Amino acid sequence: HYMRALRLEEKIGRVEQCLSSLEHVFPRNRSHFFWLPEEKEKFHRTREHRGLADHLYASAQYEDAIGVYQSIMLFDSTQGSDVGGRLNAVLHCNRAACFMAL
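Residues numbered from 1 in each chain as written. Predicted model: local features only at pLDDT ≥ 70, side-chain atom pairs only at ≥ 80, totals over all residues. Heavy atoms only, no water.

1. Looking at the overall build of the chain
- A tally of regular secondary structure across the chain gives 4 helices and 0 strands.
- The order of α-helices and β-strands along the chain, N terminus first, is α-α-α-α.
- Looking at the chain residue by residue over its 102 residues, the buried ones come to 33%.
- When the accessible surface of the chain is summed, it comes to about 6300 Å², and 55% of that surface belongs to carbon and sulfur atoms. (Helix = DSSP H or I, 4+ residues; strand = E, 2+ residues; numbered from the N terminus. Buried < 20%, exposed > 50% of the residue type's maximum accessible area, 1.4 Å probe, protein only. Areas by Shrake-Rupley, 256 points an atom, 1.4 Å probe, with all protein chains shown as cover.)

Right under this line is the structure:
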């Protein structure tokens, strides 16, 4: 459930711990955790791009930041995805702050 946290940045340590724990189980139960590699990759991509977008915002490059925040929200646009940007409420708030700053 941590992976679906709306305030993902507050849960990053727990999400990483959860993913690590699942990886230890994954080789033995591959059929149950078929989704793990993709979700882990989305989580890391979300974190990386969020850092870039936050930097762009701090540098007053609001239009570029909006584009990055928007792209993060599409990371989990596939059905059944849980950890990408769409479910992270902070991304929506940060994108809105960029619009307000324009």
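2. A few points about unusual backbone geometry
- Its identity as a non-glycine residue notwithstanding, Ala60 has a phi of 60°, on the positive side.
- Within the secondary structure, Ala60 sits in the loop between α2 (36-58) and α3 (62-73).
- Since its relative accessible area comes to 45%, Ala60 is described here as partly exposed.

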